[in-house]
Amino acid sequence: MPAAPVSSATAPVFTVDIPLLPESAAGHALQFIDLLRGANLLAGLRLGAHAPRLAWRLLDARGVPLPALPGPLGAYAGGTPPTGASSSAPAAARHTPDAHGSDARACALFLPPLHAADIPAIRAVAQRHRALSRQVGQVLDSGRPVFTLGNAAWLAAHSGRLAGRRVALPWFYVAGFERDFPDTGFTPGQAISEDGLWISAALPAQVSELAVALVRRTLGPALAEACASVLVADPERTRAAQQANAQHHIPATRDSTLARAIAWMEAHLDQPYSLQTLAEAAAVSPRTLLRHFQQELSQSPLDHLHSLRCARAKVLLEVTLESVPSIAVACGYADPAAFRRIFVRHTGMAPAEYRKRHTLRAPRKRWRVDVR
């Protein structure tokens, strides 16, 4: 599937559906999403805010989007296109759920491997989820690719659309798979196979190569090449970089206005805030400093300083028994009440409540108790 053209007005978004069964190895699905995030980062660095992007959705076995996950996992299940992506993406890439909650316009389907002890167990899982295999058939019939990792190939092959195709599988699955699907071939000695609309990888170690193959079919070969150099292990490149660094051929990255300002903040967290002093440390005017923070971080220097101070406060609350007023002073707040308000705004709870939930210290009454 060729990448959609990038215009100055729109940023195409390509959505990948990722069904998760109760038997799915969910960690590999999350790893795949993290690789897509890396691809989006590279696309943004190379092409700016109007770069094409990848989005994703986690679905259940019926194709219904999973509800939002709690905490840091929430970023995985939402399927929200990345910041800067336009909703005016091509029809083939737009996020358009149908009446059943499935997205018939997603650009691809990724099937993570299954937790199964042996081949009979894999067969049993595939039989329980024939509805998902029918969905795979619909995806293939519409001309969209299907990506499988490891034993998820059983789910794809049960679609009945892959006879005559070749698949990459671990050696210990080959005999059983050939018995179940005699019309399917193998790619001996290859860890990944791209045969038409079926892209398969044998082992979890090849999940990054699957992600690169997806990038190639959506964002284009140039971005795929860039992703391959970053996301796929390359011992030769690593060795070359180490040698160049040892011979001082790779200079340190030049500092920036933001880097100088943030470094000064981190070294002076307990000192009163002064925009003028901070701007002098960054070697720019206060107005220029404000512009840099707003453009790059979408916040003011003071807001960023509050976040750094709250990060220190959380550590002190977790590992010390210092009072809240003492911690406030150590974090640059002369007024404990102001510290409490800011801490609540950044963490959602008062300092005392945070300490109660996250403390890593034993109660004071248990200190220095000799057990004889």
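The coordinates are above.
Residues numbered from 1 in each chain as written. Predicted model: local features only at pLDDT ≥ 70, side-chain atom pairs only at ≥ 80, totals over all residues. Heavy atoms only, no water.

### Side note on the packing of aromatic side chains
Two numbers describe a pair of aromatic rings. These are the distance of the centres and the angle of the planes.
Part 1 of the argument: Per the counting criterion, the structure on display carries 10 aromatic pairs.
Part 2 of the argument: Judged by centre distance (6.0 Å) and plane angle (70°), the ring pair of Phe-177 and Phe-186 falls under edge-to-face. By the burial criterion, Phe-177 is buried, and Phe-186 matches it.
Part 3 of the argument: Among the aromatic side chains, those forming a connected cluster through ring pairs are Trp-154, Trp-171, Phe-172, Tyr-173, Phe-177, Phe-181 and Phe-186. (Phe/Tyr/Trp six-rings, centres within 6.5 Å; stacked < 30°, edge-to-face > 60°. Buried < 20%, exposed > 50% of the residue type's maximum accessible area, 1.4 Å probe, protein only.)

### So, the sheet that holds strand β8 (residues 198-201)
Part 1 of the argument: The strand order across the open sheet built from six strands is β2-β1-β3-β4-β8-β7, with neighbouring strands paired in mixed fashion. Edge positions in the sheet fall to β2 (53-59) and β7 (192-195), since each of these pairs with one other strand and no more. Strand-to-strand twist in this sheet, taken as the mean axis angle between neighbours without regard to direction, amounts to 20°.
Part 2 of the argument: Where strand β1 (residues 13-19) and strand β3 (residues 108-111) come together, two bridges link them in parallel fashion. In the strand pairing of β3, Asp-17 is matched with Leu-109. (Pairing = 2+ DSSP bridges. Helix = DSSP H or I, 4+ residues; strand = E, 2+ residues; numbered from the N terminus. Axes fitted to C-alpha atoms, helices over the stretch in contact; angles between N-to-C directions.)

### A word on the packing of helix α10 (residues 257-267) against helix α12 (residues 286-297)
Part 1 of the argument: Following both chains from N to C, one finds α10 and α12 inclined at 100°, their axes separated by 10 Å at the closest point. On the basis of their axis angle, the class for α10 and α12 is roughly perpendicular. Residues Thr-257, Leu-258, Ala-261, Ile-262 and Met-265 of α10 lie in contact with α12, whose contacting residues are Leu-289, His-292, Phe-293, Glu-296 and Leu-297.
Part 2 of the argument: Split by residue class, the contact of α10 with α12 holds seven nonpolar, two polar and one charged. (Parallel < 35°, antiparallel > 145°, perpendicular 65-115°, else oblique. Contact = heavy atoms within 4.5 Å. Nonpolar A, V, L, I, M, F, W, Y, C, P; charged D, E, K, R; others polar.)

### What about unusual backbone geometry?
Part 1 of the argument: Its identity is not glycine, yet Ala-283 carries a phi of approximately 65°, on the positive side.
Part 2 of the argument: Mapping Ala-283 onto the fold places it in the loop between α11 (275-282) and α12.

### What to know about the pattern of salt bridges
Part 1 of the argument: In this structure the tally under the stated criterion is 10 salt bridges.
Part 2 of the argument: Asp-60 is the partner of Arg-62 in a salt bridge, and the nearest nitrogen-oxygen pair spans 2.9 Å.
Part 3 of the argument: For Asp-60, a relative accessible area of 15% translates into the label buried.
Part 4 of the argument: For Arg-217, the salt bridge is made with Glu-194, and the minimal N-O distance between the two is 3.6 Å. Taken together, the residues span a long stretch of sequence, with Arg-217 in helix α7 (residues 207-218) and Glu-194 in strand β7 at a distance of 23 residues.
Part 5 of the argument: Taken together, the shared-partner salt bridges in this structure form one network comprising Glu-194, Arg-216 and Arg-217. (Salt bridge = Lys/Arg side-chain N within 4 Å of Asp/Glu carboxyl O.)

### A short note on the side chain of Thr-184
Part 1 of the argument: Relative to the assigned elements, Thr-184 resides in the loop between α6 (171-180) and β6 (185-186).
Part 2 of the argument: Once residues lying within four places of it in the same chain are set aside, the contact partners of Thr-184 are Leu-162, Gly-164, Arg-165, Val-167, Phe-177 and Trp-198.

### Observations concerning a nonpolar patch on the surface
Part 1 of the argument: Together, Trp-171, Phe-172 and Leu-203 give the surface a local cluster of nonpolar side chains, amounting to about 380 Å² of exposed area.
Part 2 of the argument: Take Trp-171: its relative accessible area is 73%, and that puts it in the exposed class. (Patch = residues over 30% accessible without salt bridge, like charges linked within 9 Å, V, L, I, M, F, W, Y side chains within 5 Å. Areas by Shrake-Rupley, 256 points an atom, 1.4 Å probe, with all protein chains shown as cover.)

### Some points on α11
Part 1 of the argument: Buried within α11 we find Leu-278, Ala-279 and Ala-282. Buried residues of α11, viewed axially, fall in a sector of 100°; they line one side.
Part 2 of the argument: Turning to α11, the residues buried within the fold contact α10, α12 and α13 (301-319). (Arc of directions from axis to C-beta.)

### A word on the nonpolar core
Part 1 of the argument: Ile-18, Phe-32 and Leu-210 are the most contacted members of the largest nonpolar core, which has 38 residues in total.
Part 2 of the argument: A total of eight residues in this core trace back to one element, the largest contributor, which is helix α1 (residues 26-47).
Part 3 of the argument: In contact with Leu-210, not counting residues within four places along its chain, are Phe-32, Phe-110, Phe-147, Thr-148, Leu-149, Ile-192, Ile-199, Ser-200 and Ala-201.
Part 4 of the argument: Ranked by size, the runner-up nonpolar core spans 27 residues in total, among them Ile-119, Ala-126, Val-146 and Leu-169. (Core = buried A, V, L, I, M, F, W, Y, C linked by side-chain atoms within 4.5 Å.)

### Regarding the pairing of β8
Part 1 of the argument: Across the two faces of β8 the burial is the same, with Trp-198 and Ser-200 and Ile-199 and Ala-201 all buried.
Part 2 of the argument: Both strand β4 (residues 146-149) and β8 contribute to a ladder of four bridges, which runs parallel. Bridge assignment links Leu-149 to a residue of β8, and that residue is Ala-201.
Part 3 of the argument: With four bridges joining them, β7 and β8 adopt antiparallel strand pairing. Bridging from a neighbouring strand, Glu-194 pairs with Ile-199 of β8.
Part 4 of the argument: Count of turn residues in the β7/β8 antiparallel hairpin: two residues, of which Gly-196 carries a positive phi of about 65°.

### Structural notes on the state of the cysteines
Part 1 of the argument: Counted by the stated rule, this structure contains zero disulfides.
Part 2 of the argument: Left unpaired, Cys-310 is separated from the closest cysteine sulfur, that of Cys-331, by 7.7 Å.
Part 3 of the argument: For Cys-310, a relative accessible area of 3% translates into the label buried. (Disulfide = S-S within 2.5 Å.)

### Notes on the pairing of β2
Part 1 of the argument: For β2, the tally of buried residues reaches seven of seven residues, placing the bulk of the element in the interior.
Part 2 of the argument: Of the two faces of β2, the one lined by Arg-53, Ala-55, Arg-57 and Leu-59 and the one lined by Leu-54, Trp-56 and Leu-58 are each fully buried.
Part 3 of the argument: Sheet topology note: the β1/β2 ladder contains seven bridges and is parallel. Opposite Val-16, over in β2, you have Trp-56 as the bridge partner.
Part 4 of the argument: In this region the chain leaves β1, passes through α1 and returns to the parallel neighbour β2; the handedness of that crossover is right-handed. (Right-handed = clockwise from strand over helix to strand, strands pointing away.)

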